Structures are given as structure tokens and as C-alpha cells.
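The primary structure of each chain is shown beneath.
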Amino acid sequence: MYDLKKDPHQTKNVAEDPAYAQVKAGLEKRLLDELQRTGDPRLVEDGKFFETPPMSGPLNDAEGKRGAGRKKGAGKVE
């Protein structure tokens with residue numbers, strides 16, 4: 001978070017500056033209100049949608065790959 005009037009080149013992040021706490025709280029509230037209003041999936045089940053595959057990346061062997069247990073070539077279209 002930057003004060004563009006005082007710092008137009010955005011070199012000092014003021015997000016943790018106590019002088020900007022009220023502004024930060026207001027921005028956080030506006031963001032959460034908008035996410036709630038639009039039904040954003042980041043607010044459903046603590047963001048689980050984005051923390052699980054495929055959104056969080058591909059499955060690895062430890063988690064089990066999609067189609068595990070299928071025979072090689074099963075479902076192959078020729």
C-alpha cells in the first residue's frame with residue numbers, strides 16, 4: 001500500500017504504518033464486502049477452491065494422479 005501523493009514512485013510500503021491503519025482497515029472492508037457481494041470462491045470454505053488441485057497446481061504422486069488405477073491406454077481414442 002503506497003501513498004501516491006507523498007511517494008509517487010512507490011518506494012515505501014505504508015501498509016504496516018500506524019498512521020495508515022484506518023485507511024488499510026477501510027480498504028480491507030471494501031474488498032471483503034465486494035468479494036462477498038460477488039460470491040467470490042475465496043470466501044467459501046476458507047478459500048479451499050484455490051488451495052486444492054487443479055487451482056493450486058497439478059497433483060503429484062503422493063496425492064494420487066487423476067485416473068489412477070486406470071489401465072494404460074484406457075479411454076484412448078483412435
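Everything below is about the structure shown above.
Draft legend 1. Just the side chain of Asp-7, in detail. Along the chain, Asp-7 falls in the segment before helix H1 (21-37). Here Asp-7 sits buried without a salt bridge, and the closest side chain of opposite charge, Lys-12, lies 7.8 Å off (N-O distance). Leave out the neighbours within four places in its chain, and Asp-7 touches Tyr-2 and Lys-12.

Draft legend 2. Quick peek at the pattern of salt bridges. In the structure shown here, the tally under the stated rule is five salt bridges. Between Lys-24 and Glu-16 there is a salt bridge whose closest N-O contact spans 3.1 Å. Judged by relative accessible area, Lys-24 falls into the partly exposed class, the value being 23%. Between Asp-40 and Arg-42 there is a salt bridge; the shortest N-O distance is 2.7 Å. Of the residues examined, Asp-40 reaches a relative accessible area of 13% and is grouped as buried.

Draft legend 3. Region of the structure containing unusual backbone geometry. Cis geometry is found at the peptide bond from Pro-53 to Pro-54, where omega equals 5°. With respect to the helices, strands and loops of the structure, Pro-54 is situated in the segment after helix H2 (48-51). One non-glycine residue, Gln-10, lies in positive phi territory at about 50°. Examined against the element boundaries, Gln-10 turns out to sit in the segment before H1. Even without a glycine there, the phi angle at Glu-45 is positive, about 50°. Inspection of the secondary structure assignment puts Glu-45 in the loop between H1 and H2. The exposure class assigned to Glu-45 is exposed, which follows from its relative accessible area of 59%.

So, how was this worked out
- Position numbers for residues count from 1 along each chain, tracking the sequence in the order it is written.
- With pLDDT at 70 or above as the cut-off, local features in this predicted model cover only qualifying residues; side-chain atom pairs require 80 or more to be listed or tallied, and sums for whole chains, interfaces and linings still use all residues.
- Calculation of side-chain values draws on the structure's entire complement of heavy atoms; hydrogens and water are dropped beforehand.
- Helix and strand definitions follow DSSP, with helices as H or I runs of at least four residues and strands as E runs of at least two, each counted in order from the N terminus.
- Type-normalised accessible area, obtained with a 1.4 Å probe on protein chains alone, sets the label of each residue: buried when under 20%, exposed when over 50%, and partly exposed for intermediate values.
- Charge assignment in this entry is limited to Lys and Arg as positive and Asp and Glu as negative, and neither His nor the chain termini are counted.
- Only one rule defines a salt bridge in this text: a Lys or Arg side-chain nitrogen within 4 Å of an Asp or Glu carboxyl oxygen.
- Contact between two residues is taken to exist if any of their heavy atoms lie within 4.5 Å; hydrogens are not considered.

Interpretation in functional terms is not warranted from these geometric data alone.
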